[in-house]
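A structural walkthrough
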Amino acid sequence: MKYFIENLPKAELHLHIEGTFEPELLFKIAQRNKIAIPFASVEELRQAYKFDCLQDFLNIYYQGADVLQTEEDFYDLTYAYLEKCDLQNVRHTEIMFDPQTHTERGVAFATVINGISKACKDAKTNFGITSFLIMSYLRHMTEEEAFETLKQSIPFKDKIKAIGLDSSEKGNPPSKFQKVFEASVKEGYIPLAHAGEEGDANYVWEALDLLKIKRIDHGNNALQDDKLVKEIIKRNMALTVCPLSNKALQVVPDLKNHPLKKMMELGLKPTINSDDPAYFGGQVNQNYIEIQEALNLTKRDIYELAKNSFEYSLLDDAAKKKHMTALEEYYISKKG
Ligand code: ADE
Ligand code: ZN
């Protein structure tokens, strides 16, 4: 099963580039930029990656991102993630980035996006991995500030596929961002959002009806509401599920109680993702491996999850078909 998962062609659809920041690279970049960090060693820094709810995690995650300053930093961060994609047979990835985390500190929007995009371009050449970028608005900030970010993004529109909504969910409902989502869609961006991670089913309803999202990031708490589940199925929308994130943030304290299998049985379309792999204890393949073990998933289930990852990606139909055909061939040859 482990071999089957490791060699399975797959896409990753829920990944924050700032959440891929491994302590070793963080240390290296902090030294390069001559930034003092309150940790004497990589090991000490790793020990500090402790939290049991979204807000405690976010505080550490934003602190780590503060050492990123130059285009080279964003390039190195992104390329390191894409190298890991290559090793895990991730053929396509949709990468979220949080421009406000950086522009707030005086780093130019151009520095962030140019570094990330160059790494994506090189990974396409070197590994054949395709990627799209998702510009995420921080929900703890104001809608006015999100509008400012939208404005800054316009010269780089060709590099951005979609918009997202992340950070502290509770108390910051999707309705807070309705206008900036409308304006972003007018610019050609595809609307996506985190919803139902810590927030309740109402947050998911708002994301669907007010933000008109095309895919739900997390969505666990949608299962609280049968009518909502039916609506998500009717709209044929996928959920980007992140098992190890759910465990680390106590959204689902024990993977044995994770709702993934139930989602599949209900007819929902979950995908498997790593969210913030440097912080949650595993890359995407480890997420597949641990959830497979916890729920006793079959090769057929794993195949369905990987199929969802291509089918509900933002790729065009021809690219989806190419990937799904390769995946099916792999499944038929290895299902035993
Ligand atoms: N930013 C990075 N990871 C996140 C998560 N899991 N939820 C909300 N915002 C995030
Ligand atoms: Zn996330």
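Attention here is on the structure that accompanies the text. Please read these numbers as outputs of a predicted model, since none were measured by experiment.

**Observations regarding the site of ligand 1**
- Near ligand 1, the surroundings consist of His-16, Leu-54, Phe-57, Leu-58, Tyr-61, Asp-166, Ser-167, His-194, Glu-197, His-218, Asp-275 and Asp-276.
- Between ligand 1 and the protein, one listed contact pairs a nitrogen atom with a side-chain N or O atom of His-16 at 3.3 Å.
- Between a nitrogen atom of ligand 1 and a main-chain N or O atom of Ser-167, the distance comes to 2.8 Å.
- Contact with the protein chains hides 100% of the accessible area of ligand 1, taken as 260 Å² for the molecule alone.
- More than half of the atoms belonging to ligand 1 lie within 2 Å of the grid points that define the largest cavity.
- Ranked by the residues each element gives to the shell around ligand 1, the list is headed by helix α4 (residues 54-65), at four residues.
- Looking at the shell around ligand 1, its residues break down into four nonpolar, four polar and four charged.

**Section: the sheet that holds strand β8 (residues 238-241)**
- Overall, parallel pairing links the four strands, which are arranged β6-β7-β8-β9 in an open sheet. Edge strands, defined here as strands with exactly one partner in the open sheet, are β6 (193-195) and β9 (269-272). Averaged over all pairs of adjacent strands, the angle between their axes in this sheet comes to 35 degrees, without regard to strand direction.
- Of the pairings in the sheet, the one linking strand β7 (residues 216-218) to β8 comprises two bridges and is parallel in character. Each residue of the ladder has a partner; that of Ile-216, found in β8, is Leu-239.

**Quick look at the environment of Ala-48**
- As for its position among the elements, Ala-48 is in the loop between α3 (42-47) and α4.
- Assessed through its relative accessible area of 26%, Ala-48 is described here as partly exposed.
- Expressed as a C-alpha distance, the spacing of Ala-48 and Ile-291, which sit 243 residues apart in the sequence, is 25 Å.

**Considering empty space enclosed by the protein**
- As enumerated under the stated definition, the model contains one cavity of 30 Å³ or more in all.
- Contributing to the lining of the largest cavity are 15 residues, with His-16, Leu-54, Leu-58, His-194 and Asp-276 lying nearest its centre.
- If you tally residues by element for the lining of the largest cavity, the top one is α4, at five residues.
- Considered class by class, the residues forming the lining of the largest cavity number six nonpolar, four polar and five charged.

**Quick word on the sheet that holds strand β5 (residues 190-191)**
- One open sheet holds the five strands; their spatial order is β1-β2-β3-β4-β5, and the pairing between them is parallel. The sheet is open, and its two edges are formed by β1 (10-16) and β5, each paired on a single side.
- Bridge count for β1 against strand β2 (residues 90-97) is five bridges, and the pairing is parallel. Within β2, the residue paired with Glu-12 across the bridge is Thr-93.

**Examining helix α17 (residues 317-334)**
- With 18 residues, α17 ought to run about 26 Å at 1.5 Å a step, and its terminal C-alpha atoms sit 25 Å apart, in line with that.
- Inspection of α17 places Ala-319, Lys-320, His-323, Leu-327, Tyr-330 and Tyr-331 among the buried residues, and these make up the whole buried set. Projected down its long axis, α17 shows its buried positions confined to an angular sector of 100 degrees, all on one face. α17 presents Asp-317, Ala-318, Lys-321, Lys-322, Glu-329, Ile-332 and Ser-333 as exposed residues on the side facing more than 90 degrees away from its buried surface.
- If you follow the buried residues of α17, they end up packed against α1 (2-7), β2 and α16 (299-311).
- In the segment just after α17, Gly-336 is the residue with positive phi, at about 70 degrees.

**Quick notes on the coordination of the zinc ion (ligand 2)**
- Every protein donor of the zinc ion (ligand 2) is listed here as His-14 (NE2), His-16 (NE2), His-194 (NE2) and Asp-275 (OD), and their distances to the metal cover 2.0 to 2.3 Å.
- What the four donor atoms of the zinc ion (ligand 2) show is an angle range of 84 to 174 degrees at the metal, which sorts the shape as irregular.

**Details of the packing of aromatic side chains**
- Taken as a whole, this structure holds 16 aromatic pairs when the rule is applied.
- Residues Phe-97 and Phe-109 carry aromatic rings whose centres are separated by 6.3 Å and whose planes lie at 70 degrees to one another, so their mutual orientation is edge-to-face. Placement of the pair is Phe-97 in strand β2 and Phe-109 in helix α7 (residues 109-127), with a sequence separation of 12 residues.
- Ring geometry for Tyr-137 versus Phe-181: centroids 6.1 Å apart, planes at 65 degrees, classification edge-to-face.

**Quick notes on helix α15 (residues 284-295)**
- Spanning 12 residues, α15 covers 17 Å between terminal C-alpha atoms, matching the ideal 16 Å at 1.5 Å per step.
- A large share of α15 lies buried, amounting to nine of its 12 residues.
- What α15 keeps buried is the set Val-284, Asn-285, Asn-287, Tyr-288, Ile-289, Ile-291, Gln-292, Ala-294 and Leu-295.

**Some points on the environment of Gly-106**
- Tracing the chain through its elements places Gly-106 in the loop between α6 (99-103) and α7.
- Accessibility expressed as a relative area gives 66% for Gly-106, which makes it exposed.
- For the pair Gly-106 and Gln-69, spaced 37 residues apart in the sequence, the C-alpha separation amounts to 8.9 Å.

**Regarding the side chain of His-323**
- For His-323, the position within the fold is in helix α17.
- In this structure His-323 comes out as buried when scored by relative accessible area, which is 9%.
- Setting aside residues up to four positions removed in sequence, His-323 forms contacts with Arg-91, His-92, Phe-310 and Leu-315.

What counts and what doesn't
Residues numbered from 1 in each chain as written. Chains lettered and ligands numbered in written order. Predicted model: local features only at pLDDT ≥ 70, side-chain atom pairs only at ≥ 80, totals over all residues. Heavy atoms only, no water. Near = heavy atom within 4 Å. Polar contact = N/O pair within 3.5 Å; in protein donor to acceptor, adjacent residues only side chain to side chain. Areas by Shrake-Rupley, 256 points an atom, 1.4 Å probe, with all protein chains shown as cover. 1 Å grid on protein atoms, 1.4 Å probe; cavity = no way out; pocket = protein on both sides within 12 Å on 5 of 7 lines; lining within 4 Å. Sits in = over half its atoms within 2 Å of the grid points. Helix = DSSP H or I, 4+ residues; strand = E, 2+ residues; numbered from the N terminus. Nonpolar A, V, L, I, M, F, W, Y, C, P; charged D, E, K, R; others polar. Pairing = 2+ DSSP bridges. Axes fitted to C-alpha atoms, helices over the stretch in contact; angles between N-to-C directions. Buried < 20%, exposed > 50% of the residue type's maximum accessible area, 1.4 Å probe, protein only. Points joined across faces, edges and corners; volume = space filled by probe spheres on them. Expected span 1.5 Å × (residues − 1). Arc of directions from axis to C-beta. Contact = heavy atoms within 4.5 Å. Donors = N, O, S within 2.8 Å, 3.2 Å for Na, K, Ca; no water. Tetrahedral: all angles 85-135°; square planar, octahedral: opposite > 155°, others 65-115°. Phe/Tyr/Trp six-rings, centres within 6.5 Å; stacked < 30°, edge-to-face > 60°.

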